[in-house]
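# Observations on the model geometry
So the chains spell out like this:
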Amino acid sequence: MIALVLGASSQIGYCLLPLLQAEGIEVLALSRRPARSAPTDVRWLQGTLPALPLALPPLRYVFSAGPLDALAAWLPTAPLTPDARVLATSSMSAVSKQDAPVAAERALSMRLRTAEQALAQTCAQRGVGCTVLRPTLIYGVGRDRSLTPLARRAQRTRVFALPRGRGLRQPVHAGDMARALLTAALRAQPLDALLEFGGGERLSATQMFARVRASLPFATLGVPLPRALLALAALHPALRGPITRLDQDLIADNARAVAALGVTPRAFHPDARCWGL
């Protein structure tokens with residue numbers, strides 16, 4: 001059994017590689033950048049889809065933690081075994097950003113949904129199983145671009161900004177994502193499904209930021225950000241989307257995923273290791 005892991009240097013890939021090895025699955029790992037602290041016995045490839053650096057053997061599993069549209073474009077010619085399975089991650093942004101005030105975010109939502117449909121169609125045509133998970137905000141190994149930057153900025157400045165937001169959040173640990181993908185791969189019967197997958201707890205954006213601050217292994221000055229300041233900051237194009245979503249629920253319905261996979265994600269109780277500190 002050979003598995004190709006796309007986006008192997010991502011936070012999901014980091015958690016997935018040792019799980020695959022523990023199952024005795026031969027791993028080919030692809031990433032755009034050289035490997036950091038790669039597990040032993042993993043054959044590492046550097047490159048991007050669809051132009052892979054060399055010919056691949058027939059693949060029993062394809063795990064994708066990278067761009068979904070690139071996977072969908074490559075899959076029609078991928079070397080797959082007759083009983084192959086494709087396990088991929090999309091994002092809840094496919095639905096939560098459909099009506100976003102920023103054009104680039106609406107375009108991202110459309111791109112994700114288009115790629116999901118193309119992937120499902122190709123897998124159906126080739127007769128291979130296809131499971132796609134739509135995660136909420138992913139954290140856990142210091143490689144995310146949402147919460148880890150806040151923790152590391154606080155490490156430098158000893159100041160932690162605390163924006164207030166009524167919107168619910170449901171952060172999901174990268175390790176739980178990896179377990180869910182592996183469980184879907186090893187099912188006796190293929191699971192052809194598009195499943196939402198969030199963390200095991202819903203909390204307000206305000207509470208989420210406070211827990212990140214509480215997890216830091218050093219003291220910080222907490223600075224609440226008033227609404228007037230946030231409204232002013234939202235005039236900046238790069239900040240408009242995140243700020244306008246502070247009062248929006250960004251959550252997932254885990255019922256179908258938990259019932260199908262039996263993987264119950266953990267609640268949001270991070271520690272310093274989650275930020276690489």
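Provided above is the structure to which this section pertains.
Residues numbered from 1 in each chain as written. Predicted model: local features only at pLDDT ≥ 70, side-chain atom pairs only at ≥ 80, totals over all residues. Heavy atoms only, no water.

## Digging into the overall build of the chain
Our working definition: Counting from the N terminus, the helices are DSSP H or I runs at least four residues long and the strands are E runs at least two residues long. Computation of the radius of gyration draws on C-alpha atoms alone. For the globule rule, the value is 2.2 Å times the number of residues to the power 0.38. For every residue, the accessible area (1.4 Å probe, protein chains only) is compared with the maximum for its type, and the residue is labelled buried under 20%, exposed over 50%, or partly exposed between those bounds. The contact criterion used is simple: two residues touch if any of their non-hydrogen atoms lie within 4.5 Å. The positive count covers Lys and Arg only, the negative count covers Asp and Glu only, and His and the chain ends enter neither. Charge positions are represented by NZ for Lys, CZ for Arg, CG for Asp and CD for Glu.
Secondary structure summary: the chain contains 10 helices and 13 strands in total. Here the C-alpha atoms of the chain give a radius of gyration of 19 Å, agreeing with the 19 Å that 2.2 N^0.38 yields for 277 residues. Taking the principal axes of the C-alpha coordinates as reference, the chain spans close to 60 × 40 × 35 Å. Out of the 277 residues in the chain, the part that is buried amounts to 49%. Residue pairs at least 24 apart in sequence account for 75% of intrachain contacts in the chain once pairs closer than 6 positions are excluded. Computed over 32 positive and 17 negative side-chain charges, the separation of the two mean positions in the chain equals 7 Å.

## Some remarks on the nonpolar core
The following threshold applies: Among the buried residues, those of types Ala, Val, Leu, Ile, Met, Phe, Trp, Tyr and Cys that are joined through side-chain atoms within 4.5 Å form a nonpolar core.
Judged by nonpolar contacts, the single largest core of 34 residues is most densely connected at Val 5, Leu 20 and Phe 63. Sorting the residues of this core by element identifies β1 (2-6), α1 (11-22), β2 (26-31), β4 (59-64), α6 (174-186), β11 (193-197) and α10 (255-261) as the ones contributing at least two each. Counting residues per element, this core draws most heavily on α6, at 8 residues. Not counting residues within four places of it along the chain, the set of residues in contact with Leu 20 comprises Ala 3, Val 5, Ile 25, Val 27, Phe 63 and Leu 182.

## Topic: the packing of aromatic side chains
What counts is decided by this rule: Between rings of Phe, Tyr and Trp, where Trp is taken as its six-membered ring, a pair exists when centres lie within 6.5 Å; planes separated by under 30 degrees are stacked, by over 60 edge-to-face, and by other angles tilted. Two conditions define a charge sitting above a ring: the NZ of Lys or the CZ of Arg must be within 6 Å of the ring centre, and it must be within 35 degrees of the ring normal.
Enumeration according to the criterion identifies 3 aromatic pairs in this entry. Each ring, one from Tyr 139 and one from Phe 268, has its centre 4.9 Å from the other, and the planes form 80°; the classification is edge-to-face. You can see Tyr 139 sitting in strand β7 (residues 138-139) and its partner Phe 268 sitting in the segment after α10, a full 129 residues away along the chain. Comparing Tyr 139 with Phe 268, the two get one shared label, buried. Three or more aromatic residues joined by ring pairs form one cluster here, namely Tyr 139, Phe 268 and Trp 275. Sitting over the face of the ring of Phe 218, Arg 158 holds its NZ or CZ atom 4.3 Å from the ring centroid.

## Focus: helix α5 (residues 148-157)
Going by this rule: This arc corresponds to the set of directions leading from the helix axis out to the C-beta atoms.
Regarding α5, the residues found buried are Thr 148, Ala 151 and Ala 154. Considered in projection along α5, the buried side chains sweep an arc of 130° and stay on one side of the axis. Contacts made by the buried residues of α5 are with β8 (159-163) and α7 (205-214). Directly beyond the C-terminal end of α5, a positive phi value near 60° is found at Arg 158.

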